[in-house]
Amino acid sequence: MESPDARSSREAVVTATAAASAPERPSEAVALRALVERVRAGEVDAAREVRRLTRASSRHRRKLAAAVEPLVAMLRSAAPGAGEAALLALLNLAVRDERNKTKIVDAGALEPLLGYLQSSYLNLQEYATAALLTLSASSTNKPIISASGAIPLLVKVLKEGNPQAKTDAVMALYNLSTVTDNLQTILSVQPIHPLVELLKGGKRSSKTADKCCALLESLLVFDQGRVALTSEEGGVLTIVEVLEEGSLQGREHAVGALLTMCESDRNKYRDIILNEGAIPGLLELTVHGTPKSRVKAHVLLDLLRNSPYSRSKLQADTLENIVSNIASHIDGEDHGGKAKKMLAEMVKVDSGNNEFARDAGPGLDRTK
């Protein structure tokens, strides 16, 4: 039987859906036009009302799109509280509304937003960062935001902002990093240290960690990024920890980052990765990772062997032999023993699938 709480929740959803699809009443249309005019007149309370109405209503976001231009003008106002009220109203208007996202940028919001990014008031800086995160989710806006000079300021927030601003900054930078030309710009303002610090200070399975590792994976394509990461105390170790403890998506980016390093220069990065104890996490990923993670983990395990072979020439090899080969050449802590023990446990658990122990060649997924 459905509980009273569940029934009430379901009824609330139905009511909200019906309200969203209901035709606009003439009196409501008049009230919303009057509200826009009040914003146009510079009334701070009107901006706050726009924020309230658009907080959870996609219909009001559409109906109040006409408030975008006067709100952008209000961002520049010297009136007490005007900039903050306008910023929060614009942020709500942009959420899950692609047309409003582009409309806000087209109305000239970036210039004042970048000013707020540099504000000594951390709350304003946080709100501006959140606004840029939301606006940067639009593919149309990405090149415009990039050209505005936002990237160095976002990295500065990543270094110096409050915790929420740092989280939003890394997500905004990730959005912008999907434009390939932006990667060198991001690297030029030295983001590796704050990214590693953010990873160290948070949960390895968080969405923030996912985006940090995704951004690092892209930046490690460049030698400058790899040098910066390996020069960072605990840099590679932090990625290995995400490999072991992260979400499925985070682990996929973590193994991708390590693979990018090893493929770029195996002789330079093989021992660094081994000495941070990556093998147990890679082994687990060959079984429990996403399809992409499994393939990447197999390829990386092959590269970490003492004498890797060209995959085209490689005869059917066992994962056990690969790991034994790696483990026998690891110095320092007993990572090799841990890896062998973990492999044995995995084979025991997966005893119903003998192919895993016998014939799981690198780059092949035999566990499906």
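Sequence order as written defines the numbering, with residues in each chain counted from 1. Confidence filtering applies because this is a predicted model: local features only for residues at pLDDT of at least 70, side-chain atom pairs given and counted only at 80 or more, and all residues used for totals across whole chains, interfaces and linings. Water and hydrogen atoms play no part in the side-chain values, which are based on all heavy atoms of the structure.

Looking at an unreviewed UniProt entry, one finds the protein chain named U-box domain-containing protein, with Zizania palustris as its source organism.

> Explain the overall build of the protein chain to me, please; I cannot follow it from the model alone.
Helix and strand definitions here come from DSSP, where helices need a minimum of 4 consecutive H or I residues and strands a minimum of 2 consecutive E residues; each element is numbered from the N-terminal end. Looking only at helices and strands, the protein chain features 24 helices and 0 strands. Counting all 368 residues of the protein chain, 51% fall into the buried class. Considering only residue pairs separated by 6 or more positions, the protein chain has 68% of its internal contacts joining residues 24 or more positions apart. Only the protein chains shown count as cover for residues, and all accessible areas are computed by the Shrake-Rupley method using a 1.4 Å probe. Summed over all atoms, the accessible surface of the protein chain reaches about 17,700 Å², with 50% contributed by carbon and sulfur. Each residue is placed in one exposure class: buried if its accessible area under a 1.4 Å probe, protein chains only, is under 20% of its type's maximum, exposed if it is over 50%, and partly exposed if it falls in between. Contact between two residues is taken to exist if any of their heavy atoms lie within 4.5 Å; hydrogens are not considered.

> Which parts of the structure should I look at to understand the side chain of Arg-226?
Here Arg-226 is to be found in helix H16 (residues 223-231). The exposure class assigned to Arg-226 is buried, which follows from its relative accessible area of 9%. Distance and chemistry together define a polar contact, namely a pair of N or O atoms within 3.5 Å, with one atom able to donate a hydrogen and the other to accept it when in protein, and with adjacent residues in sequence counting only for side-chain atoms on both sides. Within the local environment of Arg-226, its side chain forms a polar contact with the side chain of Ser-264, the two groups lying 3.1 Å apart. Beyond its immediate stretch of four places on either side in the chain, Arg-226 contacts Leu-220, Val-221, Met-261, Ser-264 and Tyr-269.

> Mind showing me how you'd approach the UniProt feature "repeat: ARM" (unreviewed entry) in the protein chain here?
UniProt positions are given in the numbering used here, feature names are shortened, and annotations may be inferred rather than shown by experiment. Within the UniProt annotation, "repeat: ARM" (unreviewed entry) is assigned to residues 108-150 and 149-187. Counted over residues 149-187, helix gives 82% and strand 0%. Its end C-alpha atoms are 14 Å apart.

> Please explain the environment of Ala-147 as it appears in this structure.
Here Ala-147 lies in helix H10 (residues 142-147). Taking relative accessible area as the criterion, Ala-147 reaches 70% and is therefore assigned exposed. Separated by 35 residues in the primary sequence, Ala-147 and Asn-182 have C-alpha atoms spaced 9.5 Å apart.

> What am I meant to see in unusual backbone geometry here?
The phi torsion of most residues other than glycine is negative, and most of the peptide bonds are trans. Phi is positive for Arg-96, which is not a glycine, with a value near 55°. Along the chain, Arg-96 falls in the loop between helix H6 (82-94) and helix H7 (98-106). A positive phi angle is found at Gln-190, which is not glycine, with a value near 55°. Residue class for Gln-190 comes out exposed when judged on its relative accessible area of 58%.

> Just to check I follow, could you spell out the packing of H6 against helix H9 (residues 122-135) for this structure?
Two measures define how a pair of helices packs: the angle their axes make with one another and the distance between the axes. Angular values range over 0 to 180 degrees, each being the angle between N-to-C directions of two axes fitted as lines to C-alpha atoms, with helices fitted over their stretch in contact. Running from N to C, H6 and H9 point in directions that differ by 25°, and their axes come no closer than 10 Å. Judged on the interaxial angle alone, H9 and H6 are roughly parallel. Relative to H9, the crossing made by H6 is left-handed. Together, Glu-84, Leu-87, Leu-88, Leu-91 and Ala-94 of H6 and Leu-124, Tyr-127, Ala-128, Ala-130, Ala-131, Thr-134 and Leu-135 of H9 make up the contact between the two elements. Its residues assigned to classes, the contact of H6 with H9 comprises 10 nonpolar, 1 polar and 1 charged. Throughout, the term roughly parallel applies to angles under 35 degrees, roughly antiparallel to angles over 145, roughly perpendicular to angles from 65 to 115, and oblique to all others. Should the near helix be turned anticlockwise from the far one by less than a right angle, the crossing is termed left-handed; should it be turned clockwise, right-handed. Lys, Arg, Asp and Glu make up the charged group, whereas Ala, Val, Leu, Ile, Met, Phe, Trp, Tyr, Cys and Pro make up the nonpolar group; the residues left over, Gly among them, are polar.

> Sorry if this is basic, but what is going on with helix H3 (residues 44-54) here?
Quick reminder: α-helices carry 3.6 residues per turn. Residues three or four places apart thus point the same way. Within the sequence span of H3, burial applies to Val-44, Ala-46, Ala-47, Val-50, Leu-53 and Thr-54. On its buried face, H3 sits against helix H2 (26-40), helix H4 (58-63), helix H5 (68-75) and H6.

> Would you mind showing me how to read the packing of helix H18 (residues 248-264) against helix H20 (residues 279-288) here?
Running from N to C, H18 and H20 point in directions that differ by 125°, and their axes come no closer than 12 Å. Judged by the inter-axis angle, H18 sits oblique to H20. Here H18 runs over H20; the crossing is left-handed. Here Leu-248, Arg-251 and Val-255 of H18 come into contact with H20, specifically with Gly-281, Leu-282, Glu-284, Leu-285 and His-288. Here the contact of H18 with H20 is built from residues that sort into 4 nonpolar, 2 polar and 2 charged.

> Would you explain the pattern of salt bridges in this entry?
When the charged atoms of two side chains lie near each other, side chains of opposite charge can form a pair. Think of a salt bridge as a Lys or Arg side-chain nitrogen and an Asp or Glu carboxyl oxygen that are within 4 Å of each other. Summed over the entire model, instances satisfying the criterion amount to 15 salt bridges. Salt-bridge contacts for Arg-40 lead to Glu-37; the nearest nitrogen and oxygen are separated by 3.5 Å. Linking Arg-40 with Glu-37, this pair stays in helix H2, spanning 3 residues, or about one helical turn. With a relative accessible area of 47%, Arg-40 lands in the partly exposed category. The residue Lys-156 makes a salt bridge to Glu-160 at a minimum N-O spacing of 2.9 Å. Here Lys-156 pairs with Glu-160, and both are found in helix H11 (residues 150-160), just 4 residues apart, close to one helical turn. The exposure class assigned to Glu-160 is exposed, which follows from its relative accessible area of 52%.

> I would appreciate a short explanation of the nonpolar core in the present structure.
Soluble globular proteins: nonpolar side chains tend toward being buried together. We define the nonpolar core as a collection of buried residues of types Ala, Val, Leu, Ile, Met, Phe, Trp, Tyr and Cys that are connected through side-chain atoms lying within 4.5 Å of one another. In this structure, Leu-71, Leu-154, Leu-258 and Leu-282 are the most contacted members of the largest nonpolar core, which totals 99 residues. Ignoring sequence-local partners within four residues, the contact set of Leu-154 consists of Leu-117, Thr-129, Leu-132, Ala-169, Ala-172, Leu-173 and Leu-176.

> What is the right way to look at H6 in this model?
Expected span of a helix, by definition, is 1.5 Å for each gap between consecutive residues, and there is one gap fewer than residues. Look at H6: 18 Å from first C-alpha to last across 13 residues, which is about the 18 Å you get at 1.5 Å a residue. All buried positions along H6 are accounted for by Ala-82, Gly-83, Ala-85, Ala-86, Leu-87, Leu-88, Ala-89, Leu-90, Leu-91, Asn-92, Leu-93 and Ala-94. Along its buried surface, H6 packs onto H3, H4, H5, H7, helix H8 (110-117) and H9. With its phi angle positive at about 55°, Arg-96 sits one or two positions after the end of H6.

> Would you mind going over the environment of Thr-286 with me for this structure?
Within the secondary structure, Thr-286 is located in helix H20. Measuring from C-alpha to C-alpha, the distance between Thr-286 and His-298 comes to 6.5 Å, with 12 residues separating the pair along the chain.

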